[in-house]
Number of protein chains: 2
Amino acid sequence: MRHAILIAALLAGPAAAYEPLVEKQEFTLTDFTTRSGETIPQMRLGYETYGTLNEARDNAILIPHYFSGTSHAAGRYAEDDAAPGYWDAIIGSGKPIDTDTWFVVSVDTPVNLATGDPNVITTGPATENPATGKPWGMDFPILTIGDFVDTQKGLMDQLGIQTWHAVMGASMGGLQSYEWAARYPDRLERVIPVIASGWADADLIAWLDIWAAPIRLDPNWNGGAYYDGEAPQAGLAQALKILTLHAQSAEWSNGTFGRDWADEGKDPAASWDNEFAVVAALNAAGEARAKTSDANHFLYLVKANQLFVAGHPDEGLYQGLLDIDVPVMLIHSNEDLVFPGDAVRETGAIIKSDRTPVEIVEIEGTRGHLDGVLNIAQAGERIRAFLEAE
Amino acid sequence: MRHAILIAALLAGPAAAYEPLVEKQEFTLTDFTTRSGETIPQMRLGYETYGTLNEARDNAILIPHYFSGTSHAAGRYAEDDAAPGYWDAIIGSGKPIDTDTWFVVSVDTPVNLATGDPNVITTGPATENPATGKPWGMDFPILTIGDFVDTQKGLMDQLGIQTWHAVMGASMGGLQSYEWAARYPDRLERVIPVIASGWADADLIAWLDIWAAPIRLDPNWNGGAYYDGEAPQAGLAQALKILTLHAQSAEWSNGTFGRDWADEGKDPAASWDNEFAVVAALNAAGEARAKTSDANHFLYLVKANQLFVAGHPDEGLYQGLLDIDVPVMLIHSNEDLVFPGDAVRETGAIIKSDRTPVEIVEIEGTRGHLDGVLNIAQAGERIRAFLEAE
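Cut-offs and rules
- Residues numbered from 1 in each chain as written.
- Chains lettered and ligands numbered in written order.
- Predicted model: local features only at pLDDT ≥ 70, side-chain atom pairs only at ≥ 80, totals over all residues.
- Heavy atoms only, no water.
- Helix = DSSP H or I, 4+ residues; strand = E, 2+ residues; numbered from the N terminus.
- Rg over C-alpha atoms; globule rule 2.2 N^0.38 Å.
- Buried < 20%, exposed > 50% of the residue type's maximum accessible area, 1.4 Å probe, protein only.
- Contact = heavy atoms within 4.5 Å.
- Pairing = 2+ DSSP bridges.
- Axes fitted to C-alpha atoms, helices over the stretch in contact; angles between N-to-C directions.
- Least-squares fit on C-alpha atoms with pLDDT ≥ 70 in both.
- Core = buried A, V, L, I, M, F, W, Y, C linked by side-chain atoms within 4.5 Å.
- Buried area = accessible area lost by both parts, 1.4 Å probe.
- Salt bridge = Lys/Arg side-chain N within 4 Å of Asp/Glu carboxyl O.
- Nonpolar A, V, L, I, M, F, W, Y, C, P; charged D, E, K, R; others polar.
- Expected span 1.5 Å × (residues − 1).
- Phe/Tyr/Trp six-rings, centres within 6.5 Å; stacked < 30°, edge-to-face > 60°.
- Lys NZ or Arg CZ within 6 Å of the ring centre and 35° of its normal.

Q: What should I look at first to understand the overall build of chain A in this one?
A: Counting secondary structure elements, chain A contains 12 helices and 12 strands. Its C-alpha atoms give chain A a radius of gyration of 20 Å, near enough to 21 Å, the size a compact globule of 390 residues would have. A principal-axis box enclosing the C-alpha atoms of chain A has dimensions of 65 × 50 × 45 Å. Within chain A, the fraction of its 390 residues that count as buried is 58%. Of the contacts made within chain A by residues no fewer than 6 positions apart, 73% connect residues no fewer than 24 positions apart.

Q: Looking at this model, I keep getting lost on the sheet that holds strand β3 (residues 60-64) of chain B. Mind explaining?
A: What links the strands of a sheet is backbone hydrogen bonding, and the strands pair in either a parallel or an antiparallel sense. Residues and elements named next belong to chain B. Pairing is mixed across the open sheet formed by eight strands, whose spatial order is β1-β2-β6-β3-β9-β10-β11-β12. Among the strands making up the open sheet, the edge pair consists of β1 (25-33) and β12 (358-362). Adjacent strand axes in the sheet meet at a mean angle of 20° when their direction is disregarded. As paired strands, strand β11 (residues 328-332) and β12 are joined by five bridges and run parallel to one another. Residue pairing in the sheet places V328 in a bridge with V358 of β12. Along the sheet, helix α10 (residues 341-352) contacts β11 and β12; its crossing angle with β11, the most-contacted strand, is approximately 175°.

Q: Looking at this structure, how should I read the sheet that holds strand β2 (residues 39-50) of chain A?
A: Residues and elements named next belong to chain A. As summarised here, the arrangement of the eight strands in space is β1-β2-β6-β3-β9-β10-β11-β12, forming an open sheet in which the pairing is mixed. Looking along the sheet, the strands with just one partner apiece sit at the ends: β1 (25-33) and β12 (358-362). Across this sheet, the average inter-strand angle for adjacent strands is 20°, counted without regard to direction. Direction of pairing for strand β10 (residues 191-194) relative to strand β11 (residues 328-332): parallel, over a ladder of two bridges. Paired with V191 across the strands is V328, a residue of β11. Here helix α10 (residues 341-352) sits on the sheet and contacts β11 and β12; the angle it forms with β11, its principal contact strand, is near 175°. Against the sheet, helix α12 (residues 380-388) engages β3 (60-64), β9 (166-170), β10, β11 and β12, with an angle of about 165° to β11.

Q: Please clarify how the relation of the copies chain A and chain B should be interpreted in this entry.
A: The second copy of the chain is related to the first by a rotation about an axis and a shift along the axis. Mapping chain A onto chain B calls for a screw motion: a turn of 180° about the axis and a shift of 0.0 Å along it, with 0.0 Å RMSD after fitting. Overall, the copies show the geometry of a two-fold rotation axis. Both copies contact each other with a shared surface, as 100% of the interface residues of chain A are interface residues in chain B too.

Q: Can you help me understand the nonpolar core in this one?
A: The tendency in soluble globular proteins is for nonpolar side chains to be buried side by side. Ranked by size, the top nonpolar core spans 180 residues in total, and within it A:W164, A:F298, B:W164 and B:F298 carry the most contacts. The contacts of B:W164, once residues within four sequence positions are left out, are B:A60, B:I61, B:L62, B:V105, B:Q152, B:M156, B:W180, B:R187, B:L188 and B:E189.

Q: Honestly, the interface of chain A and chain B in this entry has me stumped. Any pointers?
A: Across the boundary between the two partners, chain A contributes 50 residues, which contact 51 residues of chain B. With both chains or domains summed, chain A and chain B bury close to 4,000 Å², and 71% of this area falls on carbon and sulfur atoms. A per-residue breakdown of the area chain A buries against chain B is headed by A:L217, A:R259 and A:W272, which together make up 20% of the total. Counting across the chain A and chain B interface gives two salt bridges. If you list the elements that add at least two residues to the side of chain A that touches chain B, you get α4 (202-217), α5 (233-246), α6 (250-257), α7 (277-290) and α8 (295-306) of chain A. The greatest single-element share of the side of chain A that touches chain B, amounting to 10 residues, is contributed by α4(A). By residue class, the composition of the side of chain A that touches chain B is 33 nonpolar, 10 polar and seven charged.

Q: What exactly am I supposed to notice about the pairing of β9(A) here?
A: Regular strands place side chains that alternate from one sheet face to the opposite one. Residues and elements named next belong to chain A. Counting buried positions along β9 yields five of five residues, so the element is predominantly enclosed. As paired strands, β3 and β9 are joined by two bridges and run parallel to one another. Across the sheet, L62 pairs through a bridge with V167, a residue of β9. Summarising the sheet, β9 and β10 pair through four bridges and their orientation is parallel. Opposite V167, over in β10, you have V191 as the bridge partner.

Q: Sorry, what's going on with α7(A) here?
A: The end-to-end C-alpha distance of α7(A), which contains 14 residues, comes to 20 Å, matching closely the 20 Å that a straight helix rising 1.5 Å per residue would cover. For α7(A), every residue scored as buried is listed here: A:A277, A:V278, A:V279, A:A281, A:L282, A:G286 and A:A290.

Q: Sorry, what's going on with the packing of aromatic side chains here?
A: Geometrically, a pair of aromatic rings is defined through the distance of the ring centres and the angle of the planes. One pass over the full model with this rule turns up 29 aromatic pairs over all chains. Consider the rings of A:W199 and A:Y318, whose centres lie 5.8 Å apart with planes at 45°: the pair is tilted. On the criterion of sequence distance, the pair formed by A:W199 in the loop between β10 and α4 and A:Y318 in the loop between α8 and α9 (319-322) is long-range, its members being 119 residues apart. Here the aromatic residues A:W136, A:F140, A:Y300 and B:W272 are joined through ring pairs into a cluster of three or more. Here A:K303 stacks its cationic end above the ring of B:W272, 5.3 Å away from the centre of that ring.

Q: Got a minute to help me understand the pattern of salt bridges in this structure?
A: Note that side chains of opposite charge can pair when their charged atoms are close. Under the counting rule described, the total for this entry stands at 28 salt bridges over all chains. Close ionic contact of A:E189 with A:R190 constitutes a salt bridge, the shortest N to O distance being 3.5 Å. A relative accessible area of 37% places A:E189 in the partly exposed class. A residue is classified by how much of its surface remains accessible, and A:R190, at 8% relative accessible area, is buried. The salt bridge partner of B:E359 is B:R382, with a shortest N-O separation of 2.9 Å. Separated by 23 residues along the polypeptide, B:E359 in strand β12 and B:R382 in helix α12 (residues 380-388) bring together distant segments of the chain. Residue classification places B:E359 among the partly exposed residues on the basis of a relative accessible area of 30%. The class for B:R382 is partly exposed, based on a relative accessible area of 38%. Several salt bridges converge on common partners, so that one network encompasses A:K24, A:E48 and A:D108.

Shown next as structure tokens:
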């Protein structure tokens, strides 16, 4: 019980959330062409906005989301929502991303994980293939982070925005931020990649594969064709559990759980059925998240992240980063196991090797990778100043 | 191909191996009683020795092995063996653990992983339960690191050794080393735990569960009752793959594989069948190791490691460490993801809080946890001096 309360407290945001209430919106791109040349007849995606677009349409900030995230970056859908969006601490009236000044646009990616979340609108293997009237399954084209960015460019055009004042995102949202700056340097004025580096290195590629493997081991996965039967929920829960632990830190698990047992009187030494509290909590987290998630979408997200090289993958690891010309603020944590400090610093060094200005902000905390989401307020005044600089 | 050669080179030891050729020996403990009070009618285990026991029987050094290891710590079984035992770099004539002086005893643990290795002799769920004539399966008693140590104490008595000159082991072998010093302080003169800390903390407990989970997801596991049918090799291979990656470092995976593809011309962006080289290499390593390993034994090893608290688990985390009175040398790497530097230093601080002498030796390297096995020679002269000190 103590742990359940702790987890709830850790997931909750500050009291003064962005106002007014947030409404999910949607947009559709017809005959969306992927960078690999495949066509998706209807790319339907959700988005949210906070603040007001000015007449000049030049005050917009784009926020792409992280791997297991959604476009719900700030505010509440209803007064009694348990928690506001994930970066509510820095988005709102008077906050570092001040919605009295800026118009924030946050977009659901294609193959978004949370297909069962009523506030997510996405297109992917779990949605209908118009050619068959059935879910795409693994026939859905393999997408890249570049494709995600191109859907956002489609929305940008529909909204009549020529240039983002900034693009800022955490983790996979940071990859999308690099991609924007590397590929479309004329369509943004500055970029803030958070807890992310400029390409997926072998270490990240391997860990992403470890995350995904339980899905493929689950017999219900059935090569991705499970929409008529039972979904591979056990494998998906395990995948989400690995992700959850990997995005945390030893300080968190040791500080929160220690060697406590899951149930009083049930010594893990006495039976295979008895668990330690940390394992039970991770199991519960994985199972809860699996309920609103889709296993194939998880695999597509893994692939997109593994394939990531900013900008121009065919021209090597560095070219895209060298193409970045706008000012860059990199925010990261040295306790991050997913995007370690060394990888982020190497990315920063390459970007600034041709004199592009790069600021590096380190977040201190005990939550590892997640500090980029949970403790972003630490970097608040640096973000405010970076956004307001001429 | 290049990667295969690299891996072979990385696994091979130095040319001048311990001589003479090594012979596997075995011992049996009748009616072995676990610390939890269960009885195993026949505990049969393998061991190896290097050097000669002196007349006073006071020159013996015990080396318990790591999670996926065996008692093959040094030398070769035959002239044409591909590689010598794992710590051959420090064991042999003139080497830091000088077999001209010391008599080294290395013992297979119960529930040893490598049931398919002809040179491993172990007792566990895959071996015969005399009561039924069939494999024990999950009816085999849950064992602890303390039980492993008690089997070694049984061998010690059979060999007529009253006191170990030293006990030294890596990783799970380090846990056994702490256990010896905490539980039987009168039966050893010094201890060298390598890449290991004094208890399994929540972080380690959780990661060990992540290692084990693919086995339970494999339908062939069947609650552990697979000895009459197909074994859960896919799950076991995945478990061994996670262990392999977790015991390595980002420097290793990035430096060895980068973003190379597994097969020329097969871009991972083009198909779900196409892999990155790092993933293919880890898959191959996991599958190869699974061939000689047993899935239930893997689960028993995970449980034993999760349950570990040195000495006296019922008296809290520290009591066993405070009971250590012999000089301690801790060897570790700061790049270790399995037993991080902070955990090892905390263990050292507790042991020396009552003035027990503790030396800490840091190994530098690019192999993470594995540096404690592959780069142990770095600590060679420190080990030699520690063993020779009056």
